[in-house]
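Below are the chains, spelled out letter by letter.
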Amino acid sequence: VRTSLHPIEYVFIRATMGVNGKDRHFKRNWESVKKHNYIRGAYHYYRPNENSTKQFENFKSTVKLEKGDILPVLDVEKESRFGRDNLREGVLNWLKLAEEEYGVKPIIYTGLNFYKSILEGHVDGYPLWIAAYSGKHRVKNTDWTFHQFTEKVIVNGIREYVDGNDFNGTLEDLKKMTLK
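Here the structure is a predicted model, which is why all the values come from computation and not from measurement.

Undergrad: I would appreciate a short explanation of the pattern of salt bridges in the present structure.
TA: For side chains of opposite charge, pairing can occur when their charged atoms come near one another. Using the criterion set out here, one finds 13 salt bridges in the structure. One salt bridge connects E100 with K96, and the closest N-O pair in it is separated by 3.9 Å. With a gap of four residues between them, E100 and K96 both fall in helix α3 (residues 84–102), about one helical turn apart. Between E172 and K175 there is a salt bridge, and its shortest N-O distance comes to 3.9 Å. With a gap of three residues between them, E172 and K175 both fall in helix α5 (residues 171–175), about one helical turn apart. Taken together, the shared-partner salt bridges in this structure form one network comprising K34, R40, E66 and D69.

What follows is the structure in structure tokens.
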């Protein structure tokens, strides 16, 4: 991985999904990233039709964040069959529970259009990780912390494509976004 064309300083790993989904490779990937001295972060894929408290409990029981790990991440991409207000309420509940547990504001990952049409104005104050694949110009009017610009990066040592992300700051700024 260190011999890839682009410098890799940090790695995000999917940990959990919904109330009971767990990524079967999470533990191995989580330990490997630490062993190889990358800054690591874990994310939870939010299932909008499932209980948000139980979803947070799934994440909390799976991920043991340590000093130097990036803030927890909530990945929100789909609408709820129970309506937008219910979705926003559940998202805010997950974020509040994570903030209480870890003492930091979690990061929200979402697509640019989803953010603009559903979350903007409802999740103010949380760091944003925005997926927008057709160029940095698409996120210029959004206060983003991370920008996912592609899902087709080739990294030496990994057999499949990975997501490509930019951090809006320096390596020192990124280290300030880790648990103390």
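Undergrad: I keep staring at the packing of aromatic side chains and nothing clicks. Help me out?
TA: Each aromatic ring pair is specified by the distance between its two centres and by the angle formed by the two planes. Counted by the stated rule, this structure contains 13 aromatic pairs. Taking 4.7 Å as the distance between ring centres and 75 degrees as the angle between the ring planes, the aromatic pair formed by Y109 and W129 counts as edge-to-face. A residue pair is termed long-range when its members are at least 10 positions apart, and Y109 in strand β5 (residues 107–111) and W129 in strand β6 (residues 128–131) qualify at 20 residues. As far as burial versus exposure is concerned, Y109 and W129 are alike and both buried. Counting every residue linked through ring pairs, the aromatic cluster contains Y10, F12, Y43, Y109, W129, F146 and F167.

Thresholds, definitions, all that
Residues numbered from 1 in each chain as written. Predicted model: local features only at pLDDT ≥ 70, side-chain atom pairs only at ≥ 80, totals over all residues. Heavy atoms only, no water. Salt bridge = Lys/Arg side-chain N within 4 Å of Asp/Glu carboxyl O. Helix = DSSP H or I, 4+ residues; strand = E, 2+ residues; numbered from the N terminus. Phe/Tyr/Trp six-rings, centres within 6.5 Å; stacked < 30°, edge-to-face > 60°. Buried < 20%, exposed > 50% of the residue type's maximum accessible area, 1.4 Å probe, protein only.

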